[in-house]
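Next come the chains, spelled out residue by residue.
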Amino acid sequence: MATPSKTAVQTAIDQYIDSLAEPLRMLNQKIHETPELAYEEHVAHDAICDFLQSQGIQITRHAYGLSTAFEAKVGNGDGRCVSFNAEYDALPGIGHACGHNLIAISSICGFLALAFAIRQFGIPGHVQLLGTPAEEDGGGKIDLILSGAYQKVDVSLMIHPLSEEEFSKGVHGIAGRSSIACYDITAVYRGVSAHASASPWEGVNALDALVTAYNSISMLRQQMKPDERVHGAILQAPTVTNAIPEITRAKYSIRSSTMDGARLLGERVRRCLESGALATGCTVELEENQIFADLVVNPPLCESFRESMRGQGEHILANDEILMPGSTDQGNVSQLIPALHGLIGIPVSDGAKNHTRQFTAAAGTSVAHERMITAGKAMAMTGWEVLVNDELYGNVRNAFTDARGGIRTRS
């Protein structure tokens, strides 16, 4: 079968996705109205899987050993594989304040649209949809990488919402912007309890250990680089005053522009945390989580998505040199294969940014949903280009190899 024109594919995709407008909107609302934390996204997992099965898509639930991950795949022949990542975890206390319900719906839309085009036009290639839990805390994509979920993937695509006020007027987003590396260290201090008035000298104060470490890290910030961040929270502290505290717990996030930078800064934070125990006589247990890598931007892939958004009547930028202050486990995927992490603006009250209650409300609106549907259609067209355009894919691979210092790698 002859390769169809780009216009024919886009028209078919638009009509197909438009026919699913109501069920896609209902699915988005269900995810938004039922926020679930990392690795606990059971309602979202089941709702998405049920919806995809209703559209004739075969689903692997609880995929790759993760109870809230899933995988769907459609394809023909031996062509390339385009993967979409669907995030759907929320934040404690403030729900979908990072708009992961929108990320999910855009990737579901992109997957369904490209799967439809593959079937409708007999395009050689494959499309994969991965349900990727725990982006906010834990790193579900890192778990999936280690389990081989991206083993046969050639390109990974996803979209993230931001406040539209972060872009200039008339611009609704950007296809590529790098993010910084990040990981967490949790410290548990253990001391000895004693009566705080009758015999305080018999105690070993775990709160003093935590406060000592807190102050050390606060002083460390004076010697940190401008693009580095350390921020923390006290997870467990005493609730009474008349006993020497025997256990406290704190968690710190360490961010730097690269993984190597984050590890070096993390070593300095570790010494601060250890100093609290050394100064007070407590013991300390330190636990580090998986590191979120810095995002590798792929200019040819960004340009393809920008053109695809233009085909949907939307103006976005291709990429820039601005470094996002946030982190994402899509960065780890981008270190292994060419990846897109586009940013699409949505209207937010007072222009508030992600991780606020205003953004939670904005993520549930119809206009935000429609912008993600548009982005999903555009991602599908970019995926189609990757499957059928050898020149584009060659440029994408070359850009990836160059960005990785000439290292040829694949998950």
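Note that the coordinates shown come from a computational prediction; the quantities given were computed from them, not determined experimentally. (Residues numbered from 1 in each chain as written. Predicted model: local features only at pLDDT ≥ 70, side-chain atom pairs only at ≥ 80, totals over all residues. Heavy atoms only, no water.)

Caption draft 1: Spotlight on the overall build of the protein. Scanning the protein for helices and strands turns up 12 helices and 12 strands. Projected onto the principal axes, the alpha-carbon positions of the protein cover approximately 85 × 45 × 45 Å. When each of the 411 residues of the protein is scored for burial, the buried share is 55%. The contacts in the protein between residues at least 6 apart in sequence include a share of 80% that link residues at least 24 apart. For the protein, the centre of its 32 positive side-chain charges and the centre of its 46 negative side-chain charges are spaced 3 Å apart. (Helix = DSSP H or I, 4+ residues; strand = E, 2+ residues; numbered from the N terminus. Buried < 20%, exposed > 50% of the residue type's maximum accessible area, 1.4 Å probe, protein only. Contact = heavy atoms within 4.5 Å. Lys, Arg positive; Asp, Glu negative; His and termini not counted. Charge placed at Lys NZ, Arg CZ, Asp CG, Glu CD.)

Caption draft 2: Fine view of the sheet that holds strand β5 (residues 155–163). Reading across the sheet, the 8 strands line up as β1-β2-β4-β3-β5-β12-β6-β11 and stay open at both edges, with mixed pairing between neighbours. Strand pairing shows two members of the sheet lacking a second neighbour, β1 (59–61) and β11 (317–319), which therefore form its edges. Neighbouring strand axes in the sheet, compared pairwise and without regard to direction, differ in orientation by 20 degrees on average. (Pairing = 2+ DSSP bridges. Axes fitted to C-alpha atoms, helices over the stretch in contact; angles between N-to-C directions.)

Caption draft 3: Spotlight on unusual backbone geometry. Although it is not a glycine, histidine 62 sits at a positive phi angle of roughly 50 degrees. The backbone phi angle of tyrosine 64 is positive, close to 55 degrees, even though this residue is not glycine. Within the secondary structure, tyrosine 64 sits in the loop between β1 and β2 (70–76). Residue tyrosine 64 is classed as partly exposed on the basis of its relative accessible area of 28%.

Caption draft 4: Just the side chain of histidine 45, in detail. Within the element layout of this structure, histidine 45 appears in helix α3 (residues 42–54). Taking relative accessible area as the criterion, histidine 45 reaches 1% and is therefore assigned buried. Once residues lying within four places of it in the same chain are set aside, the contact partners of histidine 45 are Arg61, His62, Ser67, Thr68, Ala69 and Phe70.

Caption draft 5: Region of the structure containing helix α1 (residues 6–18). End to end, α1 covers 18 Å across 13 residues, agreeing with the expected 18 Å (1.5 Å per residue, within 8%). Next to the buried residues of α1 lie α2 (21–33), α4 (100–121), α8 (299–311) and α11 (366–388). (Expected span 1.5 Å × (residues − 1).)

Caption draft 6: Local environment of the UniProt feature "domain: Peptidase M20 dimerisation" (unreviewed entry) in the protein. Residues annotated by UniProt as "domain: Peptidase M20 dimerisation" (unreviewed entry) correspond here to residues 176–260. Here residues 176–260 is 20% helix and 34% strand, with 22 Å between the C-alpha atoms at its ends. (UniProt positions renumbered as here; feature names shortened; annotations may be inferred.)

Caption draft 7: Focus on the packing of aromatic side chains. Across all of its chains, the model carries 2 aromatic pairs by this definition. Aromatic pair tyrosine 16 and phenylalanine 116: ring centres 4.3 Å apart, planes at 5 degrees, arrangement stacked. Placement of the pair is tyrosine 16 in helix α1 and phenylalanine 116 in helix α4, with a sequence separation of 100 residues. (Phe/Tyr/Trp six-rings, centres within 6.5 Å; stacked < 30°, edge-to-face > 60°.)

Caption draft 8: Looking closely at the domain arrangement of the protein. Assigned domains within the protein: domain 1 (6–179 + 293–409) and domain 2 (181–288). For domain 1 and domain 2, the distance between their C-alpha centres works out to 37 Å. Taken together, the 9 residues of domain 1 in the interface contact 8 residues of domain 2. Between domain 1 and domain 2, the buried area comes to about 590 Å², and carbon and sulfur atoms account for 49% of it. Taken as a group, Ala293, Asp294 and Ser327 account for 57% of the area that domain 1 buries against domain 2, more than any other trio of residues on that side. Scanning the region where domain 1 abuts domain 2 turns up 1 salt bridge. With a shortest N-O distance of 3.2 Å, aspartate 137 and lysine 251 are connected by a salt bridge. Per-class residue counts for the side of domain 1 that touches domain 2 are 3 nonpolar, 4 polar and 2 charged. (Domains from an automatic or database assignment. Buried area = accessible area lost by both parts, 1.4 Å probe. Salt bridge = Lys/Arg side-chain N within 4 Å of Asp/Glu carboxyl O. Nonpolar A, V, L, I, M, F, W, Y, C, P; charged D, E, K, R; others polar.)

Caption draft 9: Local environment of the side chain of histidine 32. Residue placement: histidine 32 occurs in helix α2. A polar side-chain atom of histidine 32 sits 2.7 Å from the main-chain carbonyl oxygen of threonine 360. (Polar contact = N/O pair within 3.5 Å; in protein donor to acceptor, adjacent residues only side chain to side chain.)

Caption draft 10: Region of the structure containing the pairing of strand β12 (residues 339–346). Within β12, 8 of the 8 residues are buried, which leaves the element mostly enclosed by the surrounding structure. Side-chain alternation along β12 places Ala339, His341, Leu343 and Gly345 on one buried face and Leu340, Gly342, Ile344 and Ile346 on a second face that is also buried.

Caption draft 11: Layout of the state of the cysteines. As enumerated under the stated definition, the model contains 0 disulfides in all. This cysteine, cysteine 49, is not joined by any disulfide, and cysteine 81 carries the nearest cysteine sulfur, 18 Å off. Residue classification places cysteine 49 among the buried residues on the basis of a relative accessible area of 0%. Left without a disulfide partner, cysteine 98 is nearest to the cysteine sulfur of cysteine 182, which lies 13 Å away. (Disulfide = S-S within 2.5 Å.)

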